[in-house]
Amino acid sequence: MKHVFTAKHPTEAHLIRGMLEAEGIRAEVRGDQLYGAFGELPVLPTVWILDASADAEAQRLVGEFLRGTPAWRHRHERWTCAQCGEALEGQFTDCWNCGAARPAIA
Ligand SMILES: [Zn+2]
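Definitions and cut-offs
- Residues numbered from 1 in each chain as written.
- Predicted model: local features only at pLDDT ≥ 70, side-chain atom pairs only at ≥ 80, totals over all residues.
- Heavy atoms only, no water.
- Helix = DSSP H or I, 4+ residues; strand = E, 2+ residues; numbered from the N terminus.
- Buried < 20%, exposed > 50% of the residue type's maximum accessible area, 1.4 Å probe, protein only.
- Contact = heavy atoms within 4.5 Å.
- Areas by Shrake-Rupley, 256 points an atom, 1.4 Å probe, with all protein chains shown as cover.
- Donors = N, O, S within 2.8 Å, 3.2 Å for Na, K, Ca; no water.
- Core = buried A, V, L, I, M, F, W, Y, C linked by side-chain atoms within 4.5 Å.
- Phe/Tyr/Trp six-rings, centres within 6.5 Å; stacked < 30°, edge-to-face > 60°.
- Lys NZ or Arg CZ within 6 Å of the ring centre and 35° of its normal.

## What about the overall build of the protein?
Next up, step 1: Scanning the protein from N- to C-terminus turns up three helices and five strands.
Next up, step 2: Counting over 106 residues, the protein shows a buried share of 30%.
Next up, step 3: Long-range pairs, those at least 24 residues apart, make up 44% of the contacts in the protein between residues at least 6 apart in sequence.
Next up, step 4: A total accessible area of about 6500 Å² is found for the protein, and carbon and sulfur atoms account for 55% of it.

Written out as structure tokens, the structure reads:
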């Protein structure tokens, strides 16, 4: 077990857990039932991964998730370079063929 994230509230913790599991990293939330139970001393929910060797990958995914980068939100959508027509995988923010930036995405 490895701690990868301390959330501000249980909903956020479960979002992170679900995102990690969707990426194939087993994770669980601890402390979500204790949230707010101690009045002056809130216990923040934490997210843990079961396989500590996935720590670096988990940290990267959590970081991207929190930044909400377009590349993250659209990472599964292929796109076509408007300049040279190259078909690109969703995780690329620039065309590897001609260097043009990916068109703005909402
Ligand atoms: Zn291109």
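## Description of the coordination of the zinc ion
Next up, step 1: Around the zinc ion, the protein supplies C81 (SG), C84 (SG), C95 (SG) and C98 (SG) as donor atoms, at distances of 2.3 Å.
Next up, step 2: Here the donor residues of the zinc ion share one chain and are spaced in sequence as C-x2-C-x10-C-x2-C. Taken together, the residues span a long stretch of sequence, with C81 in the loop between β4 (79–80) and β5 (87–88) and C95 in the segment after β5 at a distance of 14 residues. One exposure class covers both C81 and C95, and it is buried.

## Some remarks on the nonpolar core
Next up, step 1: Counting 16 residues, the largest nonpolar core has V4, F5, L20, I25, V47 and I49 as the members making the most contacts within it.
Next up, step 2: Only β1 (2–6), α1 (10–22), β2 (27–30), β3 (46–49) and α2 (55–67) provide two or more residues apiece to this core.
Next up, step 3: Counting residues per element, this core draws most heavily on α1, at four residues.
Next up, step 4: When sequence neighbours within four positions are dropped, the list of residues in contact with I25 reads L20, I49, A54, E57, A58 and L61.
Next up, step 5: The next biggest cluster of nonpolar side chains, apart from the first, holds five residues, and it includes W79, C81, C95 and A100.

## Re the packing of aromatic side chains
Next up, step 1: Taken as a whole, this structure holds zero aromatic pairs when the rule is applied.
Next up, step 2: Above the face of the W48 ring, R30 is positioned so that its terminal group lies 4.3 Å from the ring centre.

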